[in-house]
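Listed here are the chains, written in short residue letters.
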Amino acid sequence: MTKIQHHLTDALLMGYAAGTLPEAFSLVVASHVSMCDECRARLASYEALGGGLIDGAEEMALSDDCFEAVMARIDGADAPAAPPVRRVRRPGLFPVPLQDYVGGDVEAVRWRPIGMGVRQAILETDREATVRLLHIPAGSAVPDHGHNGTEITLVLQGAFRDEDGRYGPGDVEVATEEMHHTPVAEPGMDCICLAATDGPLKFRAILPRLAQPLLRI
Ligand code: ZN
Ligand code: ZN
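Predicted model, so just to flag it, every value in this text is computed and none were measured.

A. Representation of the coordination of the zinc ion (ligand 1) within the structure. Around the zinc ion (ligand 1), the donor atoms from the protein are His7 (ND1), His32 (NE2), Cys36 (SG) and Cys39 (SG), and they sit 2.1 to 2.3 Å away. One can describe the site at the zinc ion (ligand 1) as tetrahedral: its four donor atoms subtend angles covering 98 to 126° at the metal. His32 sits in the buried class, given a relative accessible area of 0%.

B. Structural context of the side chain of Ser31. Turning to its location among the elements, Ser31 is positioned in helix α2 (residues 23-35). Within polar-contact distance, the side chain of Ser31 engages the backbone oxygen of Leu27 at 2.8 Å.

C. A look at unusual backbone geometry. The phi torsion at Met116 lies on the positive side, around 55°, for a residue other than glycine. Along the polypeptide, Met116 turns up in the loop between β1 (112-113) and β2 (119-123).

D. Quick peek at the nonpolar core. Judged by nonpolar contacts, the single largest core of 35 residues is most densely connected at Val29, Leu98, Leu133, Leu156 and Leu194. Counting residues per element, the ones that place at least two in this core are α1 (10-18), α2, α3 (37-60), α5 (96-102), β2, β3 (130-136), β5 (151-157) and β11 (191-197). It is α2 that provides the largest number of residues to this core, a total of eight residues. With near-sequence residues (within four places) excluded, Leu98 lies in contact with Leu27, Ser31, Leu123, Leu133, Leu156 and Leu194. Residues Phe160, Tyr167, Ala185 and Ala195 belong to the second largest nonpolar core, which totals 11 residues.

E. A look at the packing of aromatic side chains. For the structure on display, the rule yields one aromatic pair. Here Phe160 and Tyr167 contribute two aromatic rings whose centre-to-centre distance is 5.2 Å and whose plane-to-plane angle is 20°, an arrangement assigned as stacked. Classification of Phe160 by relative accessible area gives buried; the value is 2%. Judged by its relative accessible area of 4%, Tyr167 is buried.

F. Structural context of the pairing of β11. With seven of seven residues buried, β11 is to be regarded as a mostly interior element. By the alternation rule, side chains of β11 split into Cys191, Cys193, Ala195 and Thr197 and Ile192, Leu194 and Ala196, which are all buried. Judged from the seven bridges that link them, β3 and β11 form a sheet pairing that is antiparallel. By the bridge assignment, Val131 is partnered in β11 with Ala196.

G. Inspection of the sheet that holds β11 at higher detail. Strand order in this open sheet of six strands is β1-β2-β3-β11-β5-β8, and the pairing throughout is antiparallel. Of all the strands in the sheet, the pair left with one neighbour each is β1 and β8 (172-175). In this sheet, β3 lies alongside β2 in antiparallel orientation, the contact comprising five bridges. Among the inter-strand pairings, Arg119 is bridged to a residue of β3, identified as His135. Lying over the sheet, α2 contacts β2, β3, β5, β8 and β11, oriented at roughly 40° with respect to β5.

H. Up close: the sheet that holds strand β6 (residues 160-162). The sheet built from three strands is open, its strands ordered β7-β6-β10 with antiparallel pairing. A strand with exactly one partner marks an edge of an open sheet, and here the two such strands are β7 (165-167) and β10 (184-185). Sheet topology places β6 next to β7; three bridges connect them, and they run antiparallel. Within β7, the position partnered with Phe160 by the bridge is Tyr167.

The rules behind these values
- Residues numbered from 1 in each chain as written.
- Chains lettered and ligands numbered in written order.
- Predicted model: local features only at pLDDT ≥ 70, side-chain atom pairs only at ≥ 80, totals over all residues.
- Heavy atoms only, no water.
- Donors = N, O, S within 2.8 Å, 3.2 Å for Na, K, Ca; no water.
- Tetrahedral: all angles 85-135°; square planar, octahedral: opposite > 155°, others 65-115°.
- Buried < 20%, exposed > 50% of the residue type's maximum accessible area, 1.4 Å probe, protein only.
- Helix = DSSP H or I, 4+ residues; strand = E, 2+ residues; numbered from the N terminus.
- Polar contact = N/O pair within 3.5 Å; in protein donor to acceptor, adjacent residues only side chain to side chain.
- Core = buried A, V, L, I, M, F, W, Y, C linked by side-chain atoms within 4.5 Å.
- Contact = heavy atoms within 4.5 Å.
- Phe/Tyr/Trp six-rings, centres within 6.5 Å; stacked < 30°, edge-to-face > 60°.
- Pairing = 2+ DSSP bridges.
- Axes fitted to C-alpha atoms, helices over the stretch in contact; angles between N-to-C directions.

Here it is as C-alpha cells:
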C-alpha cells in the first residue's frame, strides 16, 4: 500500500475516543485507524487525555460547586465505549473491524446495483447515521452530489479523484455540508470504499433524486 495521504480529523478521533460518534462513523474511524499508524498514535493520545480528565474529576469532587461539572464529566465517561481498535491483521481486502461487521471479506458482501454500474451494500448499524460499501467500476463516476451533514469515505481498493484531490487505499475524505463533489474512480481498477453519512446526500440531477428514497442513499 502506498503511503496514506488523507487522515481523520481531530474532531473525529476525539469523538471516537469519547465514544460519542454514531456507530456508522465509528466503524469508518476504526477501519482507518487499523490501517494507519499515524492516526492510531493520535487516537492513543486522545484516549490518554480522556483518562486524565476522569482522574481530575475525582479530585474536584471535594467542592460542592464542582458537583455539576463532575457529574457532566462522569456522564461523558459513561458514554457507550467505541469498539476497540485491534491491530490484528487478517488476510483479505477489508480491515478487521469491517470484516467483523460484514461477517467476512469482500466476497461476503451482498451488493445491490444503484445505477451506472455503481453497486452498494448498506451495513447494519443504529439509525443515527448510515454506513455503506460502494463499488465503483474503474473510470466511472458517482453522481454529482452535496451533503446534508458529514460524509466520511475510506478507500479500500483502487482510487478516486474529485474536486478536492486523489484518494487511494487507506485515505479518508471528510466532506462537509458546503462541499459538492463528483468522485470518479481511476481507470485500471474498480474502486471499493466505505462511506458513512449522517444526512441524506443531495443530488443535483433529477433521476438520482427520484430514486433516492428507494436506494436509501
Ligand atoms: Zn490516518
Ligand atoms: Zn459525497
